Amino acid sequence: MAAKDSPLKQFEIDPISSIELGGYNISFTNSSFSMLITVLVITLFLTLTVNTRSIIPSRMQLISELMYNFIAQLLSDTVGDNGKRYFPFVFSLFMFVLIGNMVGMIPYQFTFTSHIIVTFALAAVVFIGVTILGFINHGIKFFSFFYIPGVPFYMHPLLIPIEVISYLSRPISLSVRLFANMLAGHTLLKVFAGFVVSMPFFTGVFPLAFIVALTGLEILIAFLQAYVFAILTCLYINDAYHLH
Amino acid sequence: MPQLNPEFFVSQLFWLAVFFTFLFVFLWRVSLPRIAIVLEKRQNKIDKSLSSAKELQEQAMEIEKKINNQINKAKLETDEKIKEIINSLQEDVSSQLSSLDKDLEKKVSDAEKEILKSKDDQMKNINNEIANITKLTIRKITDVELSDNELNKVIEAHKGSYN
């Protein structure tokens, strides 16, 4: 298969305008453009739909309010009252990942969440933020997070390193989960799209039908992954408050 | 795999930082407070409506209580009046009955007197007739003219025998 037909070609980054700053290449690329679209969609939607501020909401306003309540409920369920101050961050994170995934579902549109560097950066922000929060709340006692009470003392040399490793792997698991889901879904779509073209006569209809079904599934996954990202962030924030 | 090509790592991180920071600040400062205000306004409205509904319900209960009290009072008053009317009617009836009784008694006694009087009159008439007939009969038979006094003496003497 030629390189131009590779299912991974859709993930290639093409610079739209080349920019260099302090010797670093910070070109505005198709990935940046996708982020711009995402941010515009979110800000415009949330601003215009709530513009009238009517007590009886329009359908569009209701969607904004539903999203607001969805994340507010998520935070209060997992973190409790302490979670309110992190609401704007968790909401931004959820909306950014959700709309980023959805924008990626538009044909020929780049999916920036399918790039490990982007998801890892987001997960790292969560990880570093939560760790700092843990130290602010508990000081040096934060290390007791790795100590599991009620376990025989001879198990600790084994369990403490496991706990440390699992804690340190949080940003990796968080970022790889999102990245891998997006990568796999979009690759699969592209592979089946290739079948539509390459299969003889009308048999291409079958992979086309599969693509339609898969698109529905991908939209579900797009939402699910944004939800998972947000709920795990909430759980990590909760850990920073309550340790065990 | 394009994801592992570090050529655009810095660019992606830079634009991610720019756009995500902008999104975060915009949502934090502009969009979310707006939605929060709308939700709060709605909650206030709902709370206000609920409390006013509760107040109205209390008022309605108060009014219902008043109406029930008035109905009870009116019932008692009506019962009292009905009793009064029945009593006064009974008194009326009994007084009328007693006056009727008196009237009747008077009429009966009057009638009795009249009957007695007319009996007496008739008796007198009969006596006169008897006297006349007796006078005529004696004159026809004996050719003796009796005076009224003598005749009366004779009749009086024989009254018990034909009475």
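As a starting point, this report considers the structure included with it.

About the cut-offs
- Residues numbered from 1 in each chain as written.
- Chains lettered and ligands numbered in written order.
- Predicted model: local features only at pLDDT ≥ 70, side-chain atom pairs only at ≥ 80, totals over all residues.
- Heavy atoms only, no water.
- Helix = DSSP H or I, 4+ residues; strand = E, 2+ residues; numbered from the N terminus.
- Rg over C-alpha atoms; globule rule 2.2 N^0.38 Å.
- Buried < 20%, exposed > 50% of the residue type's maximum accessible area, 1.4 Å probe, protein only.
- Lys, Arg positive; Asp, Glu negative; His and termini not counted.
- Charge placed at Lys NZ, Arg CZ, Asp CG, Glu CD.
- Contact = heavy atoms within 4.5 Å.
- Areas by Shrake-Rupley, 256 points an atom, 1.4 Å probe, with all protein chains shown as cover.
- Phe/Tyr/Trp six-rings, centres within 6.5 Å; stacked < 30°, edge-to-face > 60°.
- Lys NZ or Arg CZ within 6 Å of the ring centre and 35° of its normal.
- Expected span 1.5 Å × (residues − 1).
- Core = buried A, V, L, I, M, F, W, Y, C linked by side-chain atoms within 4.5 Å.
- Axes fitted to C-alpha atoms, helices over the stretch in contact; angles between N-to-C directions.
- Parallel < 35°, antiparallel > 145°, perpendicular 65-115°, else oblique.
- Left-handed = near helix turned anticlockwise from the far one by under 90°.
- Salt bridge = Lys/Arg side-chain N within 4 Å of Asp/Glu carboxyl O.
- Polar contact = N/O pair within 3.5 Å; in protein donor to acceptor, adjacent residues only side chain to side chain.
- Nonpolar A, V, L, I, M, F, W, Y, C, P; charged D, E, K, R; others polar.

Moving on: the overall build of chain B. Looking only at helices and strands, chain B features two helices and zero strands. Against the 2.2 N^0.38 benchmark of 15 Å for 163 residues, chain B shows a C-alpha radius of gyration of 62 Å, more extended than a compact globule. By principal-axis analysis of the C-alpha atoms, chain B measures approximately 190 × 30 × 20 Å. Looking at the 163 residues of chain B, the share that counts as buried comes to 13%. Of the charged side chains in chain B, 25 are positive and 27 negative; the average position of the first set lies 9 Å away from that of the second.

Further remarks concern the overall build of chain A. Tallying secondary structure elements over chain A gives seven helices and four strands in all. Counting from the amino terminus, chain A carries its helices and strands in the arrangement β-β-β-β-α-α-α-α-α-α-α. Taking the principal axes of the C-alpha coordinates as reference, chain A spans close to 70 × 55 × 45 Å. The buried share among the 244 residues of chain A stands at 45%. Counting contacts in chain A only where the partners sit at least 6 residues apart, residues at least 24 apart contribute 68% of the total. Working note: accessible area of chain A is about 12600 Å², and carbon and sulfur atoms make up 73% of it. With 10 positive and 10 negative side-chain charges, chain A shows a separation of 5 Å between the mean positions of the two kinds.

Attention now goes to the packing of aromatic side chains. For the coordinates displayed, the defined rule picks out 29 aromatic pairs over all chains. An angle of 90 degrees between the planes, with centres 5.0 Å apart, marks the rings of Phe28(A) and Trp15(B) as edge-to-face. Taken together, the residues span two chains, with Phe28(A) in strand 4 (residues 28-29) and Trp15(B) in helix 1 (residues 9-142). The same class applies to Phe28(A) and to Trp15(B), which are both buried. Put simply, the rings of Phe127(A), Phe135(A), Phe142(A), Phe143(A), Phe145(A), Phe146(A) and Tyr167(A) touch in pairs and so form one group of aromatic residues. We note Arg29(B) situated over the ring of Trp28(B); from NZ or CZ to the ring centre the distance is 4.2 Å.

What follows concerns helix 7 (residues 205-242) of chain A. Counted at 1.5 Å a residue, the expected span for helix 7 of chain A with its 38 residues is 56 Å, and the 54 Å between its end C-alpha atoms agrees. At the C-terminal side of helix 7 of chain A, Leu243(A) shows a positive phi close to 50 degrees.

Our focus in this paragraph is the nonpolar core. For soluble globular proteins, nonpolar side chains are generally found buried alongside one another. Judged by nonpolar contacts, the single largest core of 66 residues is most densely connected at Phe91(A) and Phe96(A). Of all elements in the fold, only helix 1 (30-48), helix 2 (59-78), helix 3 (87-105), helix 4 (116-138), helix 6 (170-198) and helix 7 of chain A together with helix 1 of chain B reach the threshold of two or more residues within this core. The dominant element in this core, judged by the number of residues it contributes, is helix 3 of chain A, at twelve residues. Counting five residues, the second largest nonpolar core, distinct from the first, contains Met105(A), Leu189(A), Ile211(A) and Leu214(A).

Turning next to the packing of helix 3 of chain A against helix 1 of chain B. Taken N-terminus to C-terminus, the directions of helix 3 of chain A and helix 1 of chain B make an angle of 125 degrees; their axes are 9 Å apart at the nearest point. Taken together, the axis directions place helix 3 of chain A and helix 1 of chain B in an arrangement best described as oblique. The way helix 3 of chain A lies across helix 1 of chain B gives a crossing that is right-handed. Where helix 3 of chain A abuts helix 1 of chain B, its residues Phe87(A), Pro88(A), Phe89(A), Phe91(A), Ser92(A), Leu93(A) and Phe96(A) lie against Leu16(B), Phe20(B), Leu23(B), Phe24(B), Leu27(B), Trp28(B) and Leu32(B).

This part is about the pattern of salt bridges. Proximity of charged atoms lets side chains of opposite charge pair with each other. Applying the stated criterion across every chain yields a total of three salt bridges over all chains. In this structure, Arg42(B) and Glu65(A) form a salt bridge, with 2.7 Å as the shortest nitrogen-oxygen distance. Of this pair, Arg42(B) sits in helix 1 while Glu65(A) sits in helix 2, on two different chains. Residue Arg42(B) shares its accessibility class with Glu65(A), and that shared class is buried.

This brings us to the interface of chain B and chain A. Every contact between the two is made by 32 residues of chain B and, on the other side, 48 residues of chain A. The interface formed by chain B and chain A holds one salt bridge in total. Counting across the chain B and chain A interface gives ten residue pairs in polar contact (both at pLDDT 80 or more). A class-by-class count of the residues in the side of chain B that touches chain A yields 23 nonpolar, four polar and five charged.

Position of Asp239(A) relative to the elements: it lies in helix 7. Apart from residues lying up to four places away in sequence, Asp239(A) is in contact with Phe145(A) and Arg170(A).

A few words on the environment of Ser88(B). Along the chain, the position of Ser88(B) falls in helix 1. Remark: the alpha-carbon pair of Ser88(B) and Ser31(B), spanning 57 residues in sequence, is separated by 84 Å.

Attention shifts here to the packing of helix 2 of chain A against helix 3 of chain A. Residues and elements named next belong to chain A. Close contact between helix 2 and helix 3 brings their axes to 10 Å; oriented N to C, the two are set at 125 degrees. Classed by the angle they form, the pair helix 2 and helix 3 counts as oblique. As for how helix 2 packs across helix 3, the hand of that crossing is right-handed. On helix 3, the residues touching Met67, Tyr68, Phe70, Ile71, Ala72 and Leu75 of helix 2 are Phe87, Val90, Phe91, Phe94, Met95 and Leu98.

Further remarks concern unusual backbone geometry. Residues and elements named next belong to chain A. With a phi close to 50 degrees, Arg53 is a non-glycine residue in the positive phi region. Mapped onto the fold, Arg53 is located in the loop between helix 1 and helix 2. With a phi close to 50 degrees, Phe201 is a non-glycine residue in the positive phi region. With respect to the helices and strands, the residue Phe201 is situated in the loop between helix 6 and helix 7. A relative accessible area of 80% means that Phe201 is categorised as exposed.

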